[in-house]
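Residue-level structure breakdown
Chain residues, written in single-letter form:
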Amino acid sequence: ESSAASDVYKRQGAVFKALDLIKQEANDEEPYVAIKLITENFKQHPQAFITLQREAKKTQTLAHPNIVTVYDFDKDGDMFYLTMERLSGHPLVDVLKGKTNIVLSQTQKIDVIRQISEGLAYAHSKGIVHSDLKPANIFYCDDGTVKVLDFGIARAAKASKYKDNYDVSELGGMTVSYASPEMMRYEEPDTRDDIYAFGIIACEILGDQ
């Protein structure tokens, strides 16, 4: 359905701009999507297929303007990939580090914080915790829209949704700088973990520039 083109941005796996041939045939105004490929290290992990399957399943339930839209999960041979909406802009981490020509005004900073909070609140209302919220997992689009990315390591807040022993820490699903004390102790994911990280991010945004 899609063919890979140029590189757009990278997270746990390389992400490429892709042409969806079905959308093209239907004369869709936006026939391009993004394809996220699994990295080699990630792919070698025995839980890789389960991880990406859950990423697609969970994120597909998160229909919100401040969360990236994931369309599908599939595999071609031994390569796993996700198809998702194509974003145009920059990772928030690059904006905050001055690696772009974007200079956020105080009003824009407050708006970025608001959009992140709304995306998180929606995910939490669905019982989903991100578990690795950080500026590198937030995308600042050219039109000012903010998207939270990579719910792939997220787990349901209620353990009853997934009753196995899958542990996101096995795949390095934690960034120490934004991890709550409870995460450092490998306790069960909780919405407060995201709120902890969100507070740090808000301070970084307000203190930037």
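Whatever comes next refers back to the structure up there.
Right, let's walk through the structure included here. Just so it is clear, the model here is predicted, and its values are computed rather than measured.

Conventions and cut-offs
- Residues numbered from 1 in each chain as written.
- Predicted model: local features only at pLDDT ≥ 70, side-chain atom pairs only at ≥ 80, totals over all residues.
- Heavy atoms only, no water.
- Core = buried A, V, L, I, M, F, W, Y, C linked by side-chain atoms within 4.5 Å.
- Buried < 20%, exposed > 50% of the residue type's maximum accessible area, 1.4 Å probe, protein only.
- Helix = DSSP H or I, 4+ residues; strand = E, 2+ residues; numbered from the N terminus.
- Contact = heavy atoms within 4.5 Å.
- Pairing = 2+ DSSP bridges.
- Axes fitted to C-alpha atoms, helices over the stretch in contact; angles between N-to-C directions.
- Polar contact = N/O pair within 3.5 Å; in protein donor to acceptor, adjacent residues only side chain to side chain.

Side note on the nonpolar core
- Counting 26 residues, the largest nonpolar core has Leu 92, Val 112, Ile 116, Leu 133, Ile 201 and Ile 205 as its most contacted members.
- If you list the elements that add at least two residues to this core, you get α4 (92-96), α5 (106-125), β8 (138-141), β9 (146-148) and α7 (191-207).
- If one sorts the elements of this core by residue count, α5 sits on top with six residues.
- Ignoring anything within four residues of it in the chain, the contact list for Ile 116 reads Leu 92, Ile 138, Val 146, Phe 198, Ile 201 and Ile 205.
- Counting 14 residues, the second largest nonpolar core, distinct from the first, contains Leu 82, Met 84, Leu 87 and Cys 141.

Focus: unusual backbone geometry
- Despite not being glycine, Asn 27 shows a phi value in the positive range, around 60°.
- On the accessibility criterion, Asn 27 (66% relative accessible area) is exposed.
- You will see that Ser 131, though not glycine, has its phi angle at about 80°, which is positive.
- Take Ser 131: it is sitting in the loop between β7 (128-129) and β8.
- Look at Ser 131 and you get buried, because its relative accessible area is 5%.

Focus: the sheet that holds β8
- Read across the open sheet, the three strands follow the order β6-β8-β9; overall the sheet is antiparallel. Whereas interior strands pair on both sides, the edge strands pair on one side only; in this sheet they are β6 (89-91) and β9. Between one strand axis and the next, the sheet turns through 25° on average, direction left out of account.
- One ladder, built from three bridges, connects β8 with β9; its direction is antiparallel. Pairing of Ile 138 across the sheet is with Val 148, part of β9.

Some details on the side chain of Glu 85
- By the secondary structure assignment, Glu 85 is in strand β5 (residues 79-85).
- The class of Glu 85 is buried, set by a relative accessible area of 14%.
- A polar contact is formed between the side chain of Glu 85 and the backbone nitrogen of Thr 69, at a distance of 2.8 Å.
- Of the polar contacts made by the side chain of Glu 85, one reaches the side chain of Lys 147; its length is 3.2 Å.
- Setting aside residues no more than four positions away along its own chain, Glu 85 makes contact with Ala 34, Ile 67, Val 68, Thr 69, Tyr 71 and Lys 147.

That is the geometry; function is a separate question.
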